[in-house]
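Each chain, letter by letter, is given below.
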Amino acid sequence: MSRTSEPPALKALPSPLNADGVRRKVGIEVEFSGLDEDRVAQILCEVLGGTPRQEHRGRWEAQGTALGDFEVYLDSRPLNKLDDNMLTRQLRDAARSVVPVEIVSAPIDVEQIADLDRALLALAEAGATGTSSGVLLGFGVHFNPEAVSLTFGDIAPVLTSYALIEDHIRRVAGIDLSRRLLPWVDPYPRALIDKLASHRAPKHMHELIETYLELSPSRNHGLDMLPLFTMIDKARVAQAMDMEQIGKRPTYHWRLPDCRIDEGDWSLAREWNRWVLVEQVAADTSLLRRLRAAWRDHRASLTSLRHDWAGTVARMLREAGL
């Protein structure tokens, strides 16, 4: 595979530093098929430096790269829990047609996304394939941008911004139809958006977490707030959720439902810039207020289709120069 277009320039976050004055970082997870874990680790090290190292069967690391360490593994909890024997190896090999290999980066600087894009291009040239290679392939990309702080004032506008412009993002991203049929890409329910856009929107963190757990108690959304809310109030989240797969971390967990690693015009940079748009809207108090009012008007109309709302958002973003 070769790129048919150069990746766009990476957009900077409107708030590039965290509350301690340190540059914010982002962890990235990428799922794909077509290559074994050992080959993936080797290619990462060929492009980024470092040393491939096998942790155990099916799990490798690319250690000491220019972007830090990477985990590389077959993304199947049941398989990864099994002992290493002939049957497990056969099951693992059979699962490769539908279970992705996943690479997980250490937190990296935003500017280093361009370097990771180079490594993904090398993986694609070696045979890595993404969502489009199969109807039922649930491969995605996850960004974990560090929150500016754990305060209500920094987090609530980002959540509200994403909720209001999600339909627009999904439309311009052209989410693969097969992914729309899978549960972990559900859009936020309208009830949550109604609350966030209302005159009675949450006014403090406890109320924000309560609202989210009441109206959207699931990890199966594009922006999964549960890891961040667990960092803030684990006890409250645990009252409502099974915590087996929810870890606490001071980051937003943004799931892109497609990995298009083998498509010539796809790049992490292009997808990252969509997240920057979320934070740009969150930082624009006037625009966010207008979007909230427009949503209330939209919901008061006789018909309130999500497609129509996406068009309204697109127009308002253009008028705001975004």
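The text that follows walks through the structure, step by step, so that each part is easy to find. (Residues numbered from 1 in each chain as written. Predicted model: local features only at pLDDT ≥ 70, side-chain atom pairs only at ≥ 80, totals over all residues. Heavy atoms only, no water.)

**Re the pairing of strand S1 (residues 25–32)**
In the case of a regular strand, side chains alternate between the two sheet surfaces. Note the following rule: Partly exposed describes any residue whose relative accessible area lies between the buried limit of under 20% and the exposed limit of over 50%, with all areas from a 1.4 Å probe on protein chains only and scaled to the type maximum. By the criteria applied, helices consist of DSSP H or I runs no shorter than four residues and strands consist of E runs no shorter than two, each listed in order from the N terminus. Here a strand pair is declared whenever DSSP counts at least two bridges between the two strands.
Taken across its 8 residues, S1 has 7 buried, putting it largely inside the fold. Relative to strand S6 (residues 108–109), S1 is paired through 2 bridges, and the arrangement is antiparallel. Considered in S6, the bridge of Lys25 is made with Asp109. Bridge count between S1 and strand S7 (residues 141–145): 5 bridges; the pairing is antiparallel. Of the residues in S7, the one forming a bridge with Val30 is Val141.

**A closer look at the packing of aromatic side chains**
We apply this condition: Centre distance within 6.5 Å is the pairing criterion for rings of Phe, Tyr and Trp, where only the six-membered ring of Trp is used; planes under 30 degrees apart are then read as stacked, over 60 as edge-to-face, and the remainder as tilted. Think of it as a cone above the ring: NZ of Lys or CZ of Arg counts as a charge over the ring if it is within 6 Å of the ring centre and within 35 degrees of the ring normal.
Considering all chains together, one arrives at 8 aromatic pairs under this definition. An angle of 50° between the planes, with centres 5.7 Å apart, marks the rings of Phe143 and Trp272 as tilted. Of this pair, Phe143 sits in strand S7 while Trp272 sits in helix H10 (residues 268–283); the two residues are 129 residues apart in sequence, bridging distant segments of the chain. Residue class for Trp272 comes out buried when judged on its relative accessible area of 0%. Arranged with centres 6.0 Å apart and planes meeting at 90°, the rings of Tyr188 and Tyr212 form a pair that is edge-to-face. Of the two residues, Tyr188 sits in the loop between helix H6 (177–180) and helix H7 (190–197) while Tyr212 sits in helix H8 (residues 205–215), which places them 24 residues apart along the sequence. One aromatic cluster is present, formed by Phe143, Tyr252, Trp254, Trp272 and Trp275 through successive ring pairs. We note Arg59 situated over the ring of Tyr73; from NZ or CZ to the ring centre the distance is 4.3 Å.

**Here we look at helix H11 (residues 285–300)**
What counts here: Under the convention used throughout, the expected extent of a helix is 1.5 Å for every residue step, that is, one less than its residue count. Directions from the helix axis toward the C-beta atoms define the arc. Residues count as neighbours in contact if any of their non-hydrogen atoms are within 4.5 Å of one another.
Between its terminal C-alpha atoms H11 stretches 23 Å, which fits the 22 Å expected from 16 residues at 1.5 Å a residue. Among the residues of H11, Leu287, Leu288, Leu291, Ala294, Trp295 and His298 are the ones counted as buried. The buried residues of H11 occupy an angular sector of 120° when projected down its axis, which confines them to one face. Across from the buried face of H11, at angles greater than 90 degrees, the exposed residues are Thr285, Arg289, Asp297 and Ala300. The elements touched by buried residues of H11 are helix H5 (152–173), H7, H10 and helix H12 (306–319).

**Quick notes on the pattern of salt bridges**
For clarity, the threshold we go by: We count a salt bridge whenever a side-chain nitrogen from Lys or Arg sits within 4 Å of a carboxyl oxygen from Asp or Glu.
One pass over the structure, following the stated rule, counts 16 salt bridges. Salt-bridge contacts for Arg255 lead to Asp224; the nearest nitrogen and oxygen are separated by 3.7 Å. Highlighted residues: Arg255 in strand S9 (residues 253–256) and Asp224 in strand S8 (residues 223–224), separated in sequence by 31 residues. When sorted by exposure, Arg255 lands in the same class as Asp224, which is buried. In this structure, Glu319 and Arg315 form a salt bridge, with 3.3 Å as the shortest nitrogen-oxygen distance. Highlighted residues: Glu319 and Arg315, both in helix H12, separated by 4 residues, approximately one helical turn. A residue is classified by how much of its surface remains accessible, and Glu319, at 59% relative accessible area, is exposed.

**Considering the packing of H5 against H11**
Threshold: Interaxial angles span 0 to 180 degrees and are taken between N-to-C directions of axes, which are lines fitted to C-alpha atoms, for helices over the stretch in contact. For classification purposes, an angle smaller than 35 degrees is called roughly parallel, one larger than 145 roughly antiparallel, one from 65 to 115 roughly perpendicular, and anything else oblique. By the definition used in this description, the sense in which the near helix is turned from the far one sets the handedness, with an anticlockwise turn below a right angle giving left-handed and a clockwise turn giving right-handed. As a working rule, the residues Ala, Val, Leu, Ile, Met, Phe, Trp, Tyr, Cys and Pro are called nonpolar, Asp, Glu, Lys and Arg charged, and the rest polar, with Gly in that last group.
Running from N to C, H5 and H11 point in directions that differ by 45°, and their axes come no closer than 10 Å. Of the possible angle classes, the one that applies to H5 and H11 is oblique. As H5 packs across H11, the resulting crossing turns out to be left-handed. In this structure, H5 uses Pro157, Thr160, Ser161, Leu164 and Ile165 to contact H11, whose residues at the interface are Leu288, Leu291, Arg292 and Trp295. Class assignment of the residues belonging to the contact of H5 with H11 gives a composition of 6 nonpolar, 2 polar and 1 charged.

**Section: the pairing of S9**
Side-chain alternation along S9 places His253 and Arg255 on one buried face and Trp254 and Leu256 on a second face that is also buried. Where S7 lies against S9, 3 bridges are found, and the strand directions are antiparallel. Each bridged residue has a counterpart across the sheet, and for Val141 the counterpart in S9 is Leu256. Of the strand pairs in this sheet, S8 and S9 are connected by 2 bridges, and their pairing is antiparallel. Counterpart to Asp224 in the pairing with S9 is His253.

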